[in-house]
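Each chain is listed here by its residues.
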Amino acid sequence: MKTAFDERIGTALADSRLQAALEHLAFRFMTARNQAAADLPNWEELRTQAHAIKRHTIENLSTYLLQLEARVRERGGTVFWAEDAAQACSYVVELARARGVKLAVKSKSMVTEEIELNHALERAGIEAVETDLGEYIIQLAGEKPSHIVVPAVHKTRGQVADLFEKKLGLPHTEDVAKLTATARAVLRQKFLAAGMGITGANFAIAESGSIVLMENEGNIRFSSSAPKIHVAVVGIEKVIPRMADLAVFLRLLARSATGQKLGSYVSILSGARRPGEPDGPQEFHLVLLDNGRTRMLADPVAQPEGYASAAAGTVLSAGTAQPEGYATLRRQTLYCIRCGACLNVCPVYRKIGGHAYPWVYSGPIGAILTPQMLGFAIEPKLPFASSLCGACRDVCPVKIPIPEMLLLLRSLETESMPGGRWLERTGFRLWAWAMRQPWLYRLGSRAARFIPARLLAAAGPLACWRKTRELPVFPEESFRDWWRKRRAPPAGMATGRRP
Ligand code: SF4
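Computed from a prediction, not measured in an experiment: that's the story for all the values here.

Participant: Looking at this structure, I do not really get the overall build of the chain. What am I missing?
Facilitator: Along the chain, the regular secondary structure elements total 24 helices and 10 strands. Going through the 499 residues of the chain one by one, you find that 38% of them count as buried. Look at the contacts in the chain between residues 6 or more apart in sequence, and 73% of them connect residues 24 or more apart.

Here's what the structure looks like:
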C-alpha cells in the first residue's frame, strides 16, 4: 500500500534541484571527511575509543547523570529532568513567562526540533528566533531541517534570495555576502533584545558539570552569553564522564561532520556568570530530556508495556519475542553524536533528502532512532528504506552497527503486524516447503522457463517488486539437464532422490 512516505519519496526524486543539492553536499562533505580521517593516523583507534567511552557511559548512565546534576547545581545552575517533550517545553515556557521574556534566541539543536520547542514558545506568545543561518532560513520558510548538520541543504541560492526578498524586504540578490550580511544585521538586534538564549549541547561533562557546544558561526556563543538566561536542552545520552574524554570526541566530530579539524568555535560552558566575571548569563538552566531514551535502555524482558510511545500506538507487546542481543544493539543508538556522516554517505538519503523521512531525524540514524522512539506506526516502511550496504556503519565515528539494527527493526516490525505480513509469511513457508521437494523444484524450474518475464511484471505483488529490479531470464537449459548430459550423475542423483 502506498503511504505518505512513498509520496514524499516520489516528490523528492522528481525534484531536480534537490537532487543536485544532495549530490553536491554528499560529494563535498564526504571528500572532506575522508581526507580528514586519512590525515589522522589513529583514526580507527579513536573510533574504537569513542565507542568504548559511549558504551561505558550508557551502561552507567544514571551514575554520570547524577554526577552531572550535582556539579551543575554546585555551580549555581538549575537542573530539570524532563520525562517527555511536553514537560521540557512547559518548563522552558513557564520559565520564560516567570521572567517576563518576550523574545528568545536559539541555536541549532536537533533536540529542540524533536520536542517542537519553537511551537510551544509561539503558542505562549514568546518569539523564538533561530540564529544559525541555515536554521534561520528554514524558519523563515516555515520548514523543518532536512539534514542534522546542514539544515537548509535543500535550498538553492535563488530560493534563499526569494525568501529574503519576501520576508525581510531585501531587494532580490543572489550575492551570498549580501544575503548573510542581511541575516547578520537582523539577528544581531535579536541577540541584543532577547531575554533568553536556548541551546542544545554536543556533550555534557559529568566530572565538571560543563556543557560543550561546537559551531562555525559564533551564534551559539552569542545566544548563550548575551541574554540574561541561558537554557540548554540536552538529551540524556549526551553526557560523557570526563573532560579527558572530550578530546576523543572533538577529534572525531568536526572531521566526521564537515571534514574540519575542529569547529570554528568550541565553547565549554560551566554555569552562569560568577561574581567578578565580565559577561555571561545570570541564570543557567539545564533541561535533561528523556523522551523515550530510557525505554531504549531498558531490558525488554523487564518492560511490560513494550517500548513504543502510547501516542504513536504500542508496537511491541510484552509477549513479542525479541532476538537475543537486541537490547545491546538498541542501546548503541544512544551512542550517536549527531555528526551527519551517515546521511552524507547513504545512497538512500542522497536521493530522497531529509524531508522525505517521517520525523526530524533523517538518514540511517533516523531510520533506527524514529521507530524506537515513536514506534513503527509513524512509518512502518522506514527500516526497509535502506540498501544495507553498510556505508553508514563504516563512517560512523562511534561505530554504531546501523545495518544490524535495521535488520532487527525489520524483523520486529514484521512481528508486530497483526498476524505478521501474511503474504510474505505464507510465501516463504511455501517456498521452504517447495525447496524440500526435489520433484517440485524440478517441475517449477522447468515451468518457469515457459513463463515470459513480462507476465511476472504485469500483475500481482511481483509487479511492484519488478519496477526497480531486473528479473533474470531463465536459461533454456537447466543446470541439472546440463549436468545430466555431460556426465553420469553420482549414484542416487539420477532419480532425484538423496544419495
Ligand atoms: S549514527 Fe554515527 S554517523 Fe550517523 S549521525 Fe550518529 S554518530 Fe554520526
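Participant: Even after reading the chapter, I still don't get the site of the ligand, so can you show me in this structure?
Facilitator: Taken together, the neighbourhood of the ligand is formed by 15 residues, with Cys336, Cys339, Cys342, Ile365 and Cys396 sitting nearest. Within the shell around the ligand, the residues separate by chemical class into 12 nonpolar, 2 polar and 1 charged.

Participant: Quick question: what am I supposed to make of helix α20 (residues 422-435) here?
Facilitator: In this model, α20 (14 residues) spans 20 Å end to end at C-alpha, consistent with the 20 Å of a helix rising 1.5 Å per residue. Burial analysis of α20 places just 0 of its 14 residues in the buried class, a small minority of the element.

Participant: Any chance you could explain the sheet that holds strand β7 (residues 229-235) here in plain terms?
Facilitator: Hydrogen bonds between backbone groups are what pair the strands of a sheet, and the pairing can be parallel or antiparallel. If you trace the 6 strands from one edge of the open sheet to the other, you get β1-β10-β7-β4-β2-β3, paired in parallel fashion. Here the strands that pair on one side only, and so sit at the sheet edges, are β1 (78-82) and β3 (127-130). Within the sheet, the average angular offset between the axes of one strand and its neighbour, ignoring direction, is 20 degrees. Pairing geometry for β1 and strand β10 (residues 283-289), over 5 bridges, is parallel. Counted as the bridge partner of Val79 is Leu286 from β10.

Participant: Please clarify how the packing of helix α9 (residues 157-168) against helix α10 (residues 176-193) should be interpreted in this entry.
Facilitator: When two helices pack together, their arrangement is given by the angle between the helix axes and the distance between those axes. Running from N to C, α9 and α10 point in directions that differ by 40 degrees, and their axes come no closer than 11 Å. The orientation of α9 relative to α10 falls into the category oblique. Like other packed secondary-structure pairs, α9 and α10 cross with a definite hand, here left-handed. Listed contacts from α10 to Arg157, Val160, Ala161, Phe164 and Leu168 of α9 are Val176, Leu179, Thr182 and Val186.

Participant: Please clarify how the packing of helix α2 (residues 16-39) against helix α12 (residues 243-258) should be interpreted in this entry.
Facilitator: Where α2 contacts α12, the axes come no closer than 6 Å and their chain directions differ by 145 degrees. Contact residues: α2 offers Phe29, Ala32, Arg33, Ala36 and Ala37, while α12 offers Arg255, Ser256 and Thr258. Looking at the contact of α2 with α12 residue by residue, the classes come out as 4 nonpolar, 2 polar and 2 charged.

Participant: Is there a simple way to explain the environment of Leu170 in this structure?
Facilitator: Positionally, Leu170 belongs in the loop between α9 and α10. Sequence separation of Leu170 and Thr182 is 12 residues, and the distance between their C-alpha atoms is 7.8 Å. If sequence neighbours within four positions are ignored, Leu170 has contacts with Phe164, Glu165 and Thr182.

Participant: Can you walk me through unusual backbone geometry in this structure?
Facilitator: Glycine aside, residues mostly have negative phi angles, and peptide bonds mostly take the trans form. Despite not being glycine, Leu388 shows a phi value in the positive range, around 55 degrees. In this structure, Leu388 sits in the loop between α17 (363-374) and α18 (391-395). Given 14 C-beta atoms within a 10 Å radius, Leu388 is considered partly exposed. Of note, the phi angle at Lys399 is positive, near 55 degrees, even though the residue is not glycine. Its place among the elements puts Lys399 in the loop between α18 and α19 (402-416).

Participant: Hey, could you run me through the sheet that holds strand β6 (residues 210-215) in this one?
Facilitator: Read from one edge of the open sheet, 4 strands run β8-β5-β6-β9, paired in mixed fashion. Strands with a single pairing partner mark the edges of an open sheet, and in this sheet they are β8 (239-240) and β9 (265-269). In this sheet, β8 lies alongside strand β5 (residues 203-205) in parallel orientation, the contact comprising 2 bridges. Directly across from Ala204, in β8, lies its bridge partner Val239. Where α12 meets the sheet, its contacts fall on β5, β6, β8 and β9, and the angle it forms with β5 comes to roughly 170 degrees.

Participant: How should I be thinking about the environment of Leu18 in this particular structure?
Facilitator: Relative to the helices and strands, Leu18 resides in helix α2. Classification of Leu18 as buried rests on a count of 22 C-beta atoms within 10 Å. Remark: the alpha-carbon pair of Leu18 and Ile352, spanning 334 residues in sequence, is separated by 8.4 Å. In this structure Leu18 touches Ala12, His154 and Gly353, once residues within four positions along its chain are discounted.

Participant: Just to check I follow, could you spell out the pairing of β10 for this structure?
Facilitator: Working note: regular strand, side chains alternate between the two faces of the sheet. For β10, the tally of buried residues reaches 6 of 7 residues, placing the bulk of the element in the interior. Relative to β10, β7 runs parallel, the two being bridged by 7 bridges. Along β10, the bridge assignment pairs Val233 with Val287.

Participant: What am I meant to see in the confidence of the model for the chain here?
Facilitator: Of the residues in the chain, 89% have a pLDDT of 70 or more, and the chain-wide mean is 88. Ignoring residues within four places in sequence, the model shows residues 300-322, a span with pLDDT below 50, making 37 contacts including any to other chains.

Participant: Teacher, can you tell me more about the nonpolar core here?
Facilitator: Looking at soluble globular proteins, one finds that nonpolar side chains tend to be buried together. In this structure, Val233, Val234, Val287, Leu289 and Cys342 are the most contacted members of the largest nonpolar core, which totals 110 residues. The element contributing the most residues to this core is α12, with 7 residues. Once residues within four sequence positions are removed from consideration, Val233 is found in contact with Ala88, Ser109, Val111, Thr112, Leu117, Ile198, Gly200, Val287 and Leu289.

Participant: Honestly, α17 in this entry has me stumped. Any pointers?
Facilitator: Every α-helix winds through 3.6 residues per turn, so residues three or four apart in the chain are directed the same way. Under the 1.5 Å per step criterion, the end-to-end length of α17 is 16 Å for 12 residues, consistent within 8% with the ideal 16 Å. Most of α17 is tucked away, with 12 of its 12 residues classed as buried. Buried within α17 are the following residues: Gly363, Pro364, Ile365, Gly366, Ala367, Ile368, Leu369, Thr370, Pro371, Gln372, Met373 and Leu374. Buried positions along α17 lie against α13 (293-297), α14 (326-332), α15 (341-345), α16 (349-352), α18 and α19. Looking at the residues trailing α17, positive phi occurs at Gly375, about 95 degrees.

Definitions and limits used
- Residues numbered from 1 in each chain as written.
- Predicted model: local features only at pLDDT ≥ 70, side-chain atom pairs only at ≥ 80, totals over all residues.
- Helix = DSSP H or I, 4+ residues; strand = E, 2+ residues; numbered from the N terminus.
- Buried ≥ 20, exposed ≤ 12 C-beta atoms within 10 Å, placed from the backbone.
- Contact = placed C-beta atoms within 7 Å.
- Near = placed C-beta within 6 Å.
- Nonpolar A, V, L, I, M, F, W, Y, C, P; charged D, E, K, R; others polar.
- Expected span 1.5 Å × (residues − 1).
- Pairing = 2+ DSSP bridges.
- Axes fitted to C-alpha atoms, helices over the stretch in contact; angles between N-to-C directions.
- Parallel < 35°, antiparallel > 145°, perpendicular 65-115°, else oblique.
- Left-handed = near helix turned anticlockwise from the far one by under 90°.
- pLDDT = per-residue confidence, 0-100.
- Core = buried A, V, L, I, M, F, W, Y, C linked by C-beta atoms within 7 Å.

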